[in-house]
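What follows is the residue order along each chain.
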Amino acid sequence: MSQPVIASSPAEPLSAQAVDTSPDASPASPTVADVVAMLRTAAPPELAESWDSNQLICGDPAESVGSVLLAVDPVTAVVEEAIERGVDMVITHHPLYLRGTDHVSATDPKGRSVHRLIRAGIALANAHTTLDAAHGGVAAALAAAVGVLSAVPLEPNPLDPTQGIGRVGTLQRPTRLRDLAAAVAVALPDSAPGLLVGGDPEATVETVAVSGGAGDSLLAAARNAGADVFLTADLRHHPASEHLEAGRPYLLCGTHWATEWVGLPPLAARLERAAAADGRRLSAYVSEVVTDPWTLRLSTGL
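- The protein is annotated in an unreviewed UniProt entry as GTP cyclohydrolase 1 type 2 homolog of Actinomyces massiliensis F0489.
- Database annotation for the protein, UniProt heading Sequence similarities (unreviewed entry): "Belongs to the GTP cyclohydrolase I type 2/NIF3 family."

### Some points on the environment of Val286
Working step 1: Along the chain, Val286 falls in strand E11 (residues 283-286).
Working step 2: Take Val286: its relative accessible area is 0%, and that puts it in the buried class.
Working step 3: Separated by 231 residues in sequence, Val286 and Gln55 have C-alpha atoms that sit 19 Å apart.

### Some words on the nonpolar core
Working step 1: Grouped together as the largest cluster of nonpolar side chains are 50 residues, with contacts concentrated most on Leu70, Met89, Ile91, Leu180, Val210 and Leu252.
Working step 2: Top element by residues in this core is helix H1 (residues 32-42). It accounts for 6 residues.
Working step 3: Shared between two domains, this core takes at least three residues from each, and those domains are domain 1 (32-128 + 261-286) and domain 2 (135-254).
Working step 4: With sequence-adjacent residues up to four places away left out, Leu180 is seen in contact with Val146, Leu171, Thr175, Val205, Val208, Val229 and Leu252.

### Observations regarding the UniProt feature "binding site: a divalent metal cation" (unreviewed entry) in the protein
Working step 1: In this numbering, the UniProt entry assigns the feature "binding site: a divalent metal cation" (unreviewed entry) to His93, His94, Asp132, His256 and Glu260. A maximum C-alpha distance of 12.5 Å is found for the annotated residues, which run over 168 residues; spatially they form one tight group.
Working step 2: Looking at where Asp132 falls in the secondary structure, it is placed in helix H4 (residues 129-133).
Working step 3: Looking at Asp132, the relative accessible area reads 11%, which means it is buried.
Working step 4: Ignoring sequence-local partners within four residues, the contact set of Asp132 consists of His93, Val138, Ala139, Gly164, Ile165 and Glu260.
Working step 5: Among the secondary structure elements, His256 is positioned in helix H9 (residues 256-261).
Working step 6: Using a relative accessible area of 23% as the deciding quantity, one classes His256 as partly exposed.
Working step 7: Apart from residues lying up to four places away in sequence, His256 is in contact with His94, Gly213, Ala214, Ala233 and Asp234.
Working step 8: There is a polar contact of 3.2 Å between the side chain of His256 and the side chain of His94.

### Considering the packing of helix H2 (residues 76-85) against helix H3 (residues 109-120)
Working step 1: As a packed pair, H2 and H3 sit with axes 10 Å apart at the nearest point and diverge in direction by 10 degrees. Classified by the angle their axes make, H2 and H3 are roughly parallel. Facing H2, whose interface residues are Thr76, Val79, Glu80 and Ile83, H3 presents Ser113, Arg116, Leu117 and Ala120.
Working step 2: Here the residues of the contact of H2 with H3 are counted per class, giving 4 nonpolar, 2 polar and 2 charged.

### Description of the domain arrangement of the protein
Working step 1: In terms of domain boundaries, the protein breaks down into domain 1 (32-128 + 261-286) and domain 2 (135-254).
Working step 2: Taking only C-alpha atoms, the centre of domain 1 and the centre of domain 2 are 28 Å apart.
Working step 3: On the domain 2 side, the residues contacting the 10 residues of domain 1 number 11 residues.
Working step 4: A buried area of about 810 Å², summed over both sides, lies between domain 1 and domain 2, and 70% of it is on carbon and sulfur atoms.
Working step 5: The tally of links from domain 1 across to domain 2 stands at 1 residue pair in polar contact (both at pLDDT 80 or more).
Working step 6: For the side of domain 1 that touches domain 2, the residue count by class is 5 nonpolar, 2 polar and 3 charged.

### Comments concerning the sheet that holds strand E9 (residues 229-233)
Working step 1: The strand order across the open sheet built from 6 strands is E5-E6-E8-E9-E10-E7, with neighbouring strands paired in mixed fashion. What marks the edges here is a single partner per strand, and that holds for strand E5 (149-156) and strand E7 (196-198). On average, each strand axis in the sheet is inclined to that of its neighbour by 25 degrees, with strand direction left out of account.
Working step 2: Pairing of strand E8 (residues 204-214) with E9 involves 4 bridges; the strand directions are parallel. Paired with Ala214 across the bridge in E9 is Ala233.
Working step 3: Helix H6 (residues 177-187) rests against strand E6 (164-176), E7, E8, E9 and strand E10 (250-254) of the sheet, and its axis sits at about 125 degrees to E6.

Rules of the game
Residues numbered from 1 in each chain as written. Predicted model: local features only at pLDDT ≥ 70, side-chain atom pairs only at ≥ 80, totals over all residues. Heavy atoms only, no water. UniProt positions renumbered as here; feature names shortened; annotations may be inferred. Helix = DSSP H or I, 4+ residues; strand = E, 2+ residues; numbered from the N terminus. Buried < 20%, exposed > 50% of the residue type's maximum accessible area, 1.4 Å probe, protein only. Core = buried A, V, L, I, M, F, W, Y, C linked by side-chain atoms within 4.5 Å. Domains from an automatic or database assignment. Contact = heavy atoms within 4.5 Å. Polar contact = N/O pair within 3.5 Å; in protein donor to acceptor, adjacent residues only side chain to side chain. Axes fitted to C-alpha atoms, helices over the stretch in contact; angles between N-to-C directions. Parallel < 35°, antiparallel > 145°, perpendicular 65-115°, else oblique. Nonpolar A, V, L, I, M, F, W, Y, C, P; charged D, E, K, R; others polar. Buried area = accessible area lost by both parts, 1.4 Å probe. Pairing = 2+ DSSP bridges.

Here it is as C-alpha coordinates:
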(Lines give C-alpha, C1' and ligand atoms only; values in the text may rest on other atoms or scores of the structure.)
Protein backbone atom coordinates (compact mmCIF):
# COMPACT_ATOMS: atom_id res chain seq x y z
CA MET A 1 0.00 0.00 0.00
CA SER A 2 1.11 3.56 -0.57
CA GLN A 3 2.26 5.75 2.29
CA PRO A 4 1.36 9.36 3.13
CA VAL A 5 3.80 11.97 1.94
CA ILE A 6 5.87 13.10 4.92
CA ALA A 7 7.17 16.22 3.22
CA SER A 8 4.70 19.06 3.01
CA SER A 9 2.18 18.67 0.20
CA PRO A 10 -0.92 20.83 0.06
CA ALA A 11 -4.23 19.23 0.98
CA GLU A 12 -6.00 22.35 -0.25
CA PRO A 13 -5.66 24.11 -3.62
CA LEU A 14 -2.49 26.16 -3.91
CA SER A 15 -4.57 29.28 -4.49
CA ALA A 16 -4.61 31.36 -1.34
CA GLN A 17 -6.82 34.20 -2.53
CA ALA A 18 -10.49 34.16 -1.64
CA VAL A 19 -12.74 34.14 -4.69
CA ASP A 20 -16.28 35.52 -4.79
CA THR A 21 -18.39 32.48 -5.67
CA SER A 22 -21.70 34.31 -6.03
CA PRO A 23 -23.47 33.53 -9.33
CA ASP A 24 -22.72 36.96 -10.78
CA ALA A 25 -19.04 37.00 -9.85
CA SER A 26 -17.78 33.43 -10.07
CA PRO A 27 -15.34 33.01 -12.98
CA ALA A 28 -15.88 30.17 -15.43
CA SER A 29 -13.71 27.08 -15.33
CA PRO A 30 -11.36 26.18 -18.17
CA THR A 31 -12.01 23.16 -20.37
CA VAL A 32 -9.88 20.04 -20.64
CA ALA A 33 -8.47 21.48 -23.88
CA ASP A 34 -7.63 24.74 -22.07
CA VAL A 35 -5.76 22.88 -19.30
CA VAL A 36 -3.86 20.82 -21.87
CA ALA A 37 -2.85 24.06 -23.58
CA MET A 38 -1.66 25.48 -20.24
CA LEU A 39 0.30 22.27 -19.66
CA ARG A 40 1.92 22.53 -23.08
CA THR A 41 2.92 26.11 -22.35
CA ALA A 42 4.55 24.99 -19.10
CA ALA A 43 6.10 21.90 -20.70
CA PRO A 44 6.54 22.58 -24.44
CA PRO A 45 6.06 19.51 -26.70
CA GLU A 46 9.26 20.24 -28.61
CA LEU A 47 11.24 19.35 -25.48
CA ALA A 48 10.03 15.74 -25.57
CA GLU A 49 12.47 12.91 -26.11
CA SER A 50 11.77 10.92 -29.29
CA TRP A 51 10.75 7.79 -27.36
CA ASP A 52 8.40 9.56 -24.97
CA SER A 53 4.65 10.15 -24.64
CA ASN A 54 3.24 13.49 -23.46
CA GLN A 55 -0.45 13.93 -24.21
CA LEU A 56 -4.10 13.85 -23.26
CA ILE A 57 -4.64 10.17 -22.45
CA CYS A 58 -8.39 10.11 -21.88
CA GLY A 59 -11.13 12.69 -21.51
CA ASP A 60 -13.32 15.01 -23.58
CA PRO A 61 -11.50 18.23 -24.54
CA ALA A 62 -14.77 20.16 -24.30
CA GLU A 63 -15.54 19.19 -20.69
CA SER A 64 -15.18 21.78 -17.91
CA VAL A 65 -12.33 21.46 -15.38
CA GLY A 66 -12.77 23.12 -12.00
CA SER A 67 -10.09 21.13 -10.23
CA VAL A 68 -7.07 19.05 -11.15
CA LEU A 69 -4.92 16.56 -9.21
CA LEU A 70 -1.19 16.36 -9.95
CA ALA A 71 0.80 13.17 -9.28
CA VAL A 72 3.94 11.42 -10.46
CA ASP A 73 2.37 8.09 -11.46
CA PRO A 74 -1.01 7.19 -13.02
CA VAL A 75 -1.51 4.25 -10.66
CA THR A 76 -4.58 2.87 -8.90
CA ALA A 77 -3.96 4.80 -5.67
CA VAL A 78 -3.88 8.10 -7.58
CA VAL A 79 -7.07 7.25 -9.47
CA GLU A 80 -8.73 6.48 -6.14
CA GLU A 81 -7.57 9.79 -4.69
CA ALA A 82 -8.87 11.66 -7.74
CA ILE A 83 -12.28 10.04 -7.40
CA GLU A 84 -12.41 10.69 -3.65
CA ARG A 85 -11.47 14.36 -4.12
CA GLY A 86 -13.98 14.74 -6.92
CA VAL A 87 -11.51 16.42 -9.29
CA ASP A 88 -12.26 16.81 -12.98
CA MET A 89 -8.79 16.02 -14.29
CA VAL A 90 -5.56 14.26 -13.33
CA ILE A 91 -2.16 15.32 -14.63
CA THR A 92 0.67 12.87 -14.04
CA HIS A 93 4.35 13.09 -14.83
CA HIS A 94 4.60 9.57 -16.19
CA PRO A 95 2.51 8.40 -19.13
CA LEU A 96 0.00 5.58 -18.65
CA TYR A 97 1.13 3.78 -21.80
CA LEU A 98 4.73 4.63 -22.63
CA ARG A 99 5.10 1.93 -25.28
CA GLY A 100 1.52 1.87 -26.51
CA THR A 101 -1.16 -0.78 -26.23
CA ASP A 102 -3.69 -2.55 -28.41
CA HIS A 103 -6.47 -2.55 -25.79
CA VAL A 104 -7.81 -0.70 -22.76
CA SER A 105 -10.06 -3.45 -21.46
CA ALA A 106 -10.49 -3.63 -17.70
CA THR A 107 -8.47 -6.84 -17.54
CA ASP A 108 -5.36 -5.24 -16.08
CA PRO A 109 -4.66 -2.33 -13.69
CA LYS A 110 -4.08 0.21 -16.46
CA GLY A 111 -7.25 -0.70 -18.31
CA ARG A 112 -9.23 -0.61 -15.09
CA SER A 113 -7.84 2.84 -14.35
CA VAL A 114 -9.01 4.11 -17.75
CA HIS A 115 -12.49 2.69 -17.18
CA ARG A 116 -12.75 4.17 -13.67
CA LEU A 117 -11.60 7.60 -14.83
CA ILE A 118 -14.04 7.68 -17.74
CA ARG A 119 -16.95 6.53 -15.57
CA ALA A 120 -16.11 9.28 -13.05
CA GLY A 121 -15.82 11.92 -15.80
CA ILE A 122 -12.14 12.54 -15.01
CA ALA A 123 -9.68 13.38 -17.78
CA LEU A 124 -6.06 12.20 -17.66
CA ALA A 125 -3.04 13.91 -19.25
CA ASN A 126 0.69 13.74 -18.68
CA ALA A 127 3.88 15.73 -19.16
CA HIS A 128 7.01 13.58 -18.90
CA THR A 129 10.33 14.56 -20.51
CA THR A 130 8.73 17.84 -21.56
CA LEU A 131 8.35 18.76 -17.88
CA ASP A 132 11.76 17.30 -17.03
CA ALA A 133 13.44 19.72 -19.43
CA ALA A 134 11.28 22.84 -19.14
CA HIS A 135 11.96 26.15 -17.44
CA GLY A 136 10.58 25.70 -13.92
CA GLY A 137 10.11 21.97 -14.51
CA VAL A 138 11.32 18.92 -12.62
CA ALA A 139 15.06 19.49 -13.06
CA ALA A 140 14.83 23.19 -12.20
CA ALA A 141 12.66 22.46 -9.15
CA LEU A 142 15.03 19.75 -7.92
CA ALA A 143 18.02 22.08 -8.28
CA ALA A 144 16.21 24.83 -6.37
CA ALA A 145 15.05 22.43 -3.65
CA VAL A 146 18.60 21.38 -2.79
CA GLY A 147 20.15 24.84 -3.00
CA VAL A 148 21.83 24.76 -6.42
CA LEU A 149 22.36 28.29 -7.74
CA SER A 150 22.82 29.61 -11.30
CA ALA A 151 21.69 26.24 -12.65
CA VAL A 152 21.94 25.51 -16.38
CA PRO A 153 20.84 22.40 -18.30
CA LEU A 154 23.07 19.36 -17.96
CA GLU A 155 22.03 18.19 -21.44
CA PRO A 156 20.76 21.28 -23.30
CA ASN A 157 17.90 20.85 -25.75
CA PRO A 158 19.12 21.36 -29.35
CA LEU A 159 16.18 23.65 -30.14
CA ASP A 160 16.54 25.74 -26.98
CA PRO A 161 19.81 25.33 -25.05
CA THR A 162 18.36 27.25 -22.07
CA GLN A 163 16.14 24.23 -21.43
CA GLY A 164 17.03 20.56 -21.28
CA ILE A 165 17.48 17.46 -19.15
CA GLY A 166 19.08 17.89 -15.72
CA ARG A 167 20.68 20.97 -14.20
CA VAL A 168 24.16 21.83 -12.93
CA GLY A 169 25.20 24.77 -10.78
CA THR A 170 26.94 25.68 -7.54
CA LEU A 171 26.06 25.75 -3.87
CA GLN A 172 26.05 29.03 -1.99
CA ARG A 173 29.25 27.88 -0.32
CA PRO A 174 31.43 24.75 -0.34
CA THR A 175 30.28 22.06 2.08
CA ARG A 176 31.02 18.49 3.10
CA LEU A 177 29.34 15.75 1.11
CA ARG A 178 27.90 14.48 4.38
CA ASP A 179 26.24 17.83 5.12
CA LEU A 180 24.92 18.23 1.58
CA ALA A 181 23.42 14.74 1.75
CA ALA A 182 21.70 15.62 5.02
CA ALA A 183 20.21 18.76 3.46
CA VAL A 184 19.05 16.84 0.38
CA ALA A 185 17.41 14.20 2.59
CA VAL A 186 15.39 16.95 4.28
CA ALA A 187 14.48 18.64 0.99
CA LEU A 188 13.06 15.52 -0.67
CA PRO A 189 9.70 14.00 0.26
CA ASP A 190 10.14 10.82 2.27
CA SER A 191 9.77 7.27 1.06
CA ALA A 192 11.10 3.98 2.38
CA PRO A 193 14.42 3.70 0.48
CA GLY A 194 15.59 7.17 1.56
CA LEU A 195 18.84 8.54 0.14
CA LEU A 196 22.06 6.66 -0.71
CA VAL A 197 25.47 8.36 -0.67
CA GLY A 198 28.44 7.28 -2.79
CA GLY A 199 31.82 8.89 -2.12
CA ASP A 200 33.88 10.32 0.74
CA PRO A 201 31.41 11.83 3.25
CA GLU A 202 34.10 14.25 4.48
CA ALA A 203 35.04 15.55 1.02
CA THR A 204 34.33 19.19 0.21
CA VAL A 205 31.90 19.75 -2.66
CA GLU A 206 30.54 22.82 -4.41
CA THR A 207 29.38 22.10 -7.97
CA VAL A 208 26.24 19.96 -8.06
CA ALA A 209 24.42 18.26 -10.95
CA VAL A 210 20.86 17.00 -10.57
CA SER A 211 18.40 15.02 -12.65
CA GLY A 212 15.06 13.70 -11.43
CA GLY A 213 14.32 10.05 -12.14
CA ALA A 214 16.70 7.47 -13.60
CA GLY A 215 20.13 9.04 -14.09
CA ASP A 216 22.50 6.29 -15.25
CA SER A 217 22.69 7.77 -18.73
CA LEU A 218 23.85 11.15 -17.39
CA LEU A 219 26.85 10.02 -15.34
CA ALA A 220 29.30 11.05 -18.07
CA ALA A 221 27.50 14.37 -18.61
CA ALA A 222 27.74 15.17 -14.89
CA ARG A 223 31.47 14.42 -14.93
CA ASN A 224 32.05 16.44 -18.09
CA ALA A 225 30.23 19.37 -16.49
CA GLY A 226 32.77 19.39 -13.65
CA ALA A 227 30.26 18.40 -10.98
CA ASP A 228 31.51 17.38 -7.55
CA VAL A 229 28.21 15.61 -6.82
CA PHE A 230 25.41 14.18 -8.96
CA LEU A 231 21.95 13.82 -7.41
CA THR A 232 19.61 11.48 -9.26
CA ALA A 233 17.76 8.17 -8.80
CA ASP A 234 17.66 4.51 -9.85
CA LEU A 235 21.44 4.13 -10.06
CA ARG A 236 22.42 0.52 -10.76
CA HIS A 237 25.28 -1.24 -9.02
CA HIS A 238 27.78 -1.62 -11.87
CA PRO A 239 27.41 1.81 -13.52
CA ALA A 240 27.61 3.53 -10.12
CA SER A 241 30.56 1.44 -8.92
CA GLU A 242 32.55 1.89 -12.13
CA HIS A 243 31.78 5.60 -12.17
CA LEU A 244 33.01 6.12 -8.60
CA GLU A 245 36.19 4.14 -9.34
CA ALA A 246 37.11 6.94 -11.75
CA GLY A 247 36.49 9.70 -9.18
CA ARG A 248 34.08 12.57 -8.96
CA PRO A 249 31.27 13.42 -9.12
CA TYR A 250 30.19 11.66 -5.96
CA LEU A 251 26.69 10.24 -6.06
CA LEU A 252 23.47 10.92 -4.19
CA CYS A 253 20.80 8.42 -5.14
CA GLY A 254 17.23 9.20 -4.11
CA THR A 255 14.10 7.48 -5.34
CA HIS A 256 12.61 8.02 -8.76
CA TRP A 257 9.35 9.20 -7.21
CA ALA A 258 10.89 11.62 -4.69
CA THR A 259 13.28 13.31 -7.13
CA GLU A 260 10.42 13.99 -9.56
CA TRP A 261 7.67 14.84 -7.05
CA VAL A 262 9.36 18.17 -6.30
CA GLY A 263 8.34 19.38 -9.76
CA LEU A 264 4.61 19.09 -9.02
CA PRO A 265 3.95 22.02 -6.64
CA PRO A 266 5.50 24.57 -9.03
CA LEU A 267 3.43 23.15 -11.89
CA ALA A 268 0.25 23.31 -9.82
CA ALA A 269 0.89 26.96 -8.99
CA ARG A 270 1.66 27.74 -12.63
CA LEU A 271 -1.59 26.17 -13.85
CA GLU A 272 -3.61 28.15 -11.33
CA ARG A 273 -1.90 31.39 -12.35
CA ALA A 274 -2.45 30.67 -16.06
CA ALA A 275 -6.16 30.06 -15.49
CA ALA A 276 -6.51 33.21 -13.38
CA ALA A 277 -4.73 35.28 -16.03
CA ASP A 278 -7.38 34.11 -18.49
CA GLY A 279 -10.19 35.04 -16.11
CA ARG A 280 -10.86 31.41 -15.20
CA ARG A 281 -10.83 29.57 -11.89
CA LEU A 282 -8.85 26.36 -11.49
CA SER A 283 -7.96 24.62 -8.23
CA ALA A 284 -4.80 22.49 -8.44
CA TYR A 285 -3.96 19.87 -5.82
CA VAL A 286 -0.73 17.93 -5.39
CA SER A 287 -1.25 14.25 -4.64
CA GLU A 288 -0.73 13.17 -1.04
CA VAL A 289 0.06 9.57 -2.00
CA VAL A 290 3.58 8.15 -2.17
CA THR A 291 3.71 6.07 -5.34
CA ASP A 292 7.25 4.83 -4.85
CA PRO A 293 6.96 1.02 -5.19
CA TRP A 294 8.94 0.31 -2.01
CA THR A 295 7.03 0.48 1.27
CA LEU A 296 9.53 -0.74 3.89
CA ARG A 297 13.29 -0.70 4.39
CA LEU A 298 15.05 -3.00 6.85
CA SER A 299 18.71 -2.90 7.80
CA THR A 300 20.45 -6.12 6.83
CA GLY A 301 23.20 -8.09 8.55
CA LEU A 302 23.99 -8.28 12.24
